[in-house]
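Coordinates in review
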Amino acid sequence: RKEVEQDPGPFNVPEGATVAFNCTYSNSASQSFFWYRQDCRKEPKLLMSVYSSGNEDGRFTAQLNRASQYISLLIRDSKLSDSATYLCVVRPTPSKLTFGTGTRLQVTL
Amino acid sequence: GAGVSQSPRYKVAKRGQDVALRCDPISGHVSLFWYQQALGQGPEFLTYFQNEAQLDKSGLPSDRFFAERPEGSVSTLKIQRTQQEDSAVYLCASSLGAGGTGNTIYFGEGSWLTVV
């Protein structure tokens, strides 16, 4: 079983739609959680950190459920520019980020 | 720019050839990481440096892989006797602090290695 599991997609949604991504992680001792965004042939970039209380950044909302070891990302009012791969990331130790395989999102007109 | 810089950006190596990939982290960043990303996969951890000390090399796939950061700034990832399965993007990343939840990790654009 992979340490971080995500649905690879692709998710094809029209502009303006709301889309949700989920991931699960296996290391219950993990303390830090993130969503990274990766555009085609580019490096991963931090989208947002994820906290148990839930956090929002504009159209993006992230949530962590420690009991279920489950992380989510909600994107409202999708834009064409949101098309990318979204990587669920867990930091089990300070020296290591563990990535999921990523979920590909394609927003269409 | 002021980001993480990697070179070469693209490298084609013949099977059995040795390659060296260079990473210039953001100036002053204590932590440096190497990751390997195969096509269609997420990045996989290779190794971690805190200044010049290699504190975690648990992700290096074989003894053909070697990384160093002798002066605590620039790092080199060396792959000896390359094999086709080594074809991947090698991502370098750095962060300001020595660990902890408050340190954002910044990635370079990667070195794309193709072994033929």
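The rules behind the values
- Residues numbered from 1 in each chain as written.
- Chains lettered and ligands numbered in written order.
- Predicted model: local features only at pLDDT ≥ 70, side-chain atom pairs only at ≥ 80, totals over all residues.
- Heavy atoms only, no water.
- Salt bridge = Lys/Arg side-chain N within 4 Å of Asp/Glu carboxyl O.
- Helix = DSSP H or I, 4+ residues; strand = E, 2+ residues; numbered from the N terminus.
- Buried < 20%, exposed > 50% of the residue type's maximum accessible area, 1.4 Å probe, protein only.
- Disulfide = S-S within 2.5 Å.
- Pairing = 2+ DSSP bridges.
- Axes fitted to C-alpha atoms, helices over the stretch in contact; angles between N-to-C directions.

**Notes on the pattern of salt bridges**
Within this structure, the stated rule accounts for ten salt bridges over all chains. Note that A:K2 is salt-bridged to B:E44, the shortest N-O span being 4.0 Å. Of this pair, A:K2 sits in the segment before strand 1 (4-6) while B:E44 sits in strand 5 (residues 44-50), each in a different chain. Between B:E109 and B:R9 there is a salt bridge; the shortest N-O distance is 3.3 Å. Of this pair, B:E109 sits in the loop between strand 10 (106-107) and strand 11 (111-115) while B:R9 is found in the loop between strand 1 (5-7) and strand 2 (10-13), placing the two residues 100 residues apart along the sequence. Residue classification places B:R9 among the partly exposed residues on the basis of a relative accessible area of 27%.

**Notes on the state of the cysteines**
Residues and elements named next belong to chain B. Tallying each qualifying case throughout the model produces two disulfides over all chains. One disulfide bridge connects C23 with C92, the sulfur atoms lying 1.9 Å from each other. Between C23 and C92, the S-S dihedral sits near -70°, and the bridge is therefore left-handed. Of this pair, C23 sits in strand 3 (residues 19-24) while C92 sits in strand 9 (residues 88-95), and the two are 69 residues apart along the sequence. We note that C23, like C92, is buried.

**Focus on the sheet that holds strand 7 (residues 65-68) of chain B**
All names here are of chain B. Taking strand neighbours across the sheet as the criterion, the four strands line up as 1-3-8-7 in an open arrangement whose pairing is antiparallel. What marks the edges here is a single partner per strand, and that holds for strand 1 and strand 7. Neighbour to neighbour, the strand axes of the sheet diverge by 15° on average, direction disregarded. With five bridges connecting them, strand 3 and strand 8 (residues 75-79) associate as antiparallel partners. Looking at the pairing, V19 lines up with I79 of strand 8.

**Regarding unusual backbone geometry**
Look at the link from A:G9 to A:P10: it is a cis peptide, with omega at 10°. When you line up the elements, A:P10 lands in the loop between strand 1 and strand 2 (11-14). The peptide bond linking B:S7 to B:P8 adopts the cis configuration, its omega dihedral lying at -10°. Assignment of secondary structure puts B:P8 in the loop between strand 1 and strand 2. The backbone of A:R41 sits at a positive phi, close to 65°, despite the residue not being glycine. Residue position: A:R41 is located in the loop between strand 4 (32-38) and strand 5 (45-49). The backbone of B:R81 shows a phi angle near 45°, a positive value even though the residue is not glycine. Considering the arrangement of structural elements, one finds B:R81 in the loop between strand 8 and strand 9.

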